[in-house]
Each structure stands twice: as structure tokens, then as C-alpha cells.
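Topology and contacts: notes
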Amino acid sequence: MRLDKFLSQTGAGSRNEVKQAIRKGLVSVNGSIIKDASARVAEEKDAVCFKGQLFSFTKYHYYMLYKPAGVVTATKDSRQKTVLDLLTDIPVKGLFPVGRLDKDTEGLLLLTDDGALAHNLLAPKKHVDKTYLAEISIPLSVEAADALRRGVDIGEKKLTAPAKVELIEEKRILITIQEGRYHQIKRMLKAVGNEVLYLKRLSMGGLVLDENLRKGEFRPLREAEIEVLKKEYAHDDKRESTEEKTAGI
Ligand code: URA
């Protein structure tokens, strides 16, 4: 198949867009830059990369964004800038954010078109850790930290699941949760008489925000990072299986 046809059919952009990209030297096949749109590729075998992202008929796309404050976690908004607006110069068709960060929250946001991966990372029973740095209005007391570790009442039917809490400074904490309820960290801190002044997500499962990214920048995930994410939920329902073993099921 022709290189430009292959790229447009695998979602890299329209035929004209990919032709231009090829001409500009943005496309490599098996590691060599190819500037001829009519070059032939073996679609089952050749590794075709466009802007560092591998394209194939079966493959999905994964990007890590350092979300800045002030943009909404949505694919479309008539008035406000969205996280998708920040993914410039790449084909964004089909991409969506995995989970949601508030408009004023910064940090790691994964965007993909892999619905199964997104579903698995977000499913509460998969127990995927999400770690945040929070700056809070008053020092966290030992009692408050313990309450967060046990689970707190944020006005829903169930208490929050146990969180990991680590004090970095008096008013700076690392907090790790496995759920993703609406405004969860802010509501958890409020439940213990505190207030979140600044919130940044540092990691999601084994995926850690790249320190080399500046706010608003993004990059494709590396193969190893995608593998880490997939392993995250391959050992399905870690806690339940332990519980089941304990219960002798
Ligand atoms: N918890 C919050 O309160 N806000 C976020 O953006 C993420 C987690």
C-alpha cells in the first residue's frame, strides 16, 4: 500500500495532510525518514511513525499532556479552551481524555482513542492509583490524615475508599486515591476541615508525568509506558482476589 494511503487510513490525517507531513520529513518507515508519499509499505510488517507515534491498522494512540490550569477536560466546548485544543499538529480525531481533571487542576492527563484501556484504568474495581500533590490551607493534623487514610464522608452513600497520605511540608501533601469521584480530593480535604488551594496530578498507575514537559505540552507515550498501563489492570481486581482467597472462595 502507498505510504500516504496507509497513514490516512490509520488515522494520521487526511490524504493531503499526510502528504504534506511526508514531504516535510515527519514520517519514518522502520527508522528511516521517507519523503516520498508513493513509497510502498507492507502494512503488517513495517513500523510507520508520524511525529514519534507508531501507526498501524490495529494500533491506538496515546498521549501524555501536562494539563495547565484554565482549560477544561473535554473534547469540545463552545466557549472555553479544552485539553484537545492543546494537542496541536496531531490528528485528534477519536482522542478523548481518560478521566477528568478540574479546570483549575494541573498535571498528568492521558488522552487516547483506546476505549478499553480507558475503561479499565477508570473502573473502580481495578484499583488504579492516582497520586496528587495538594497544597492546603491549614496544616494537616494527624487525626485528619488518619481519617483520609480510613475514608471520609463526602456526602455520598459510601465513604471514600482508603487513601494514602504523605506529608511533604506542613501544608503540602501527596495523596493517592483509586476512585475518581467528582472533585474528590477537594471534597475529601473539605470533609476534614481543610481546603485545597492547588492541585496537581503526578501519576496514574505506573504512568508518571514527564518532568521534561512544560505546562500545556504533550508527547506520545512510549511503548514501555503503554505496557505499564496495560499491566496495571491485567492483574484484575487485586484486592478482590485477595479477599476471595481469604474467604476461601
Ligand atoms: N480531585 C479533585 O478534587 N479535582 C481534580 O481535578 C482531581 C481530583
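Conventions used here
Residues numbered from 1 in each chain as written. Predicted model: local features only at pLDDT ≥ 70, side-chain atom pairs only at ≥ 80, totals over all residues. Heavy atoms only, no water. Helix = DSSP H or I, 4+ residues; strand = E, 2+ residues; numbered from the N terminus. Buried < 20%, exposed > 50% of the residue type's maximum accessible area, 1.4 Å probe, protein only. Contact = heavy atoms within 4.5 Å. Areas by Shrake-Rupley, 256 points an atom, 1.4 Å probe, with all protein chains shown as cover. Lys, Arg positive; Asp, Glu negative; His and termini not counted. Charge placed at Lys NZ, Arg CZ, Asp CG, Glu CD. Near = heavy atom within 4 Å. Polar contact = N/O pair within 3.5 Å; in protein donor to acceptor, adjacent residues only side chain to side chain. Nonpolar A, V, L, I, M, F, W, Y, C, P; charged D, E, K, R; others polar. Pairing = 2+ DSSP bridges. Arc of directions from axis to C-beta.

**What to know about the overall build of the protein**
- Tallying secondary structure elements over the protein gives seven helices and 13 strands in all.
- For the protein, the C-alpha atoms occupy an extent of roughly 65 × 50 × 30 Å along the three principal directions.
- Counting the 249 residues in the protein, one finds 45% classified as buried.
- Counted over contacts in the protein with a minimum sequence separation of 6, partners at least 24 positions apart contribute 62%.
- As displayed, the protein has an accessible area near 13400 Å², and 51% of this comes from carbon and sulfur atoms.
- Considering the protein, the positive charge centre built from 43 side chains and the negative charge centre built from 37 side chains are found 5 Å apart.

**Things to note about the site of the ligand**
- Neighbouring residues of the ligand: Leu101, Asp102, Thr105, Tyr132, His183, Gln184, Ile185, Lys186 and Leu199.
- Threonine 105 has a polar side-chain atom sitting 2.8 Å from an oxygen atom of the ligand.
- A distance of 3.4 Å separates an oxygen atom of the ligand from a polar atom in the backbone of glutamine 184.
- Protein contact buries 96% of the 240 Å² of open area that the ligand shows by itself.
- Residue contributions to the shell around the ligand peak at three residues, all from helix α5 (residues 184–191).
- A class-by-class count of the residues in the shell around the ligand yields four nonpolar, three polar and two charged.

**Re the sheet that holds strand β2 (residues 32–33)**
- Strands sit in the order β2-β1-β3-β4 across an open sheet of four strands; the sheet is antiparallel. Edge positions in the sheet fall to β2 and β4 (53–55), since each has one partner strand and no second.

**Quick word on unusual backbone geometry**
- Look at histidine 127: it is not a glycine, yet its phi comes out positive at around 55 degrees.
- Turning to its location among the elements, histidine 127 is positioned in the loop between α3 (115–122) and β8 (130–136).
- The class for histidine 127 is buried, based on a relative accessible area of 11%.

**Points about the side chain of glutamate 106**
- Turning to its location among the elements, glutamate 106 is positioned in strand β7 (residues 106–112).
- Polar contacts involving the side chain of glutamate 106 include one to the side chain of tyrosine 198, which spans 2.6 Å.
- In this structure, glutamate 106 is in contact with Tyr66, Lys67, Pro68, Ala69, Leu101, Tyr198, Leu199, Lys200, Arg201 and Lys215, ignoring residues within four places of it in sequence.

**As for α5**
- Within α5, burial applies to Gln184, Ile185, Met188 and Leu189. Seen from one end, α5 has its buried residues packed into an arc of 130 degrees, which puts them on one side.
- Looking at the buried residues of α5, the elements they touch are β8, α4 (142–150), β10 (172–177) and β11 (196–204).
- Of the residues one or two after α5, glycine 193 is the one with positive phi, at around 80 degrees.

**Notes on the environment of serine 8**
- On the secondary structure map, serine 8 appears in helix α1 (residues 3–9).
- Serine 8 gets classed as partly exposed once you look at its relative accessible area, which sits at 21%.
- Each C-alpha atom of the pair serine 8 and isoleucine 90 lies 12 Å from the other, and the pair is 82 residues apart in sequence.
- The residues touching serine 8, leaving out its near neighbours within four places in the chain, are Gly13, Ser14, Arg15 and Val18.

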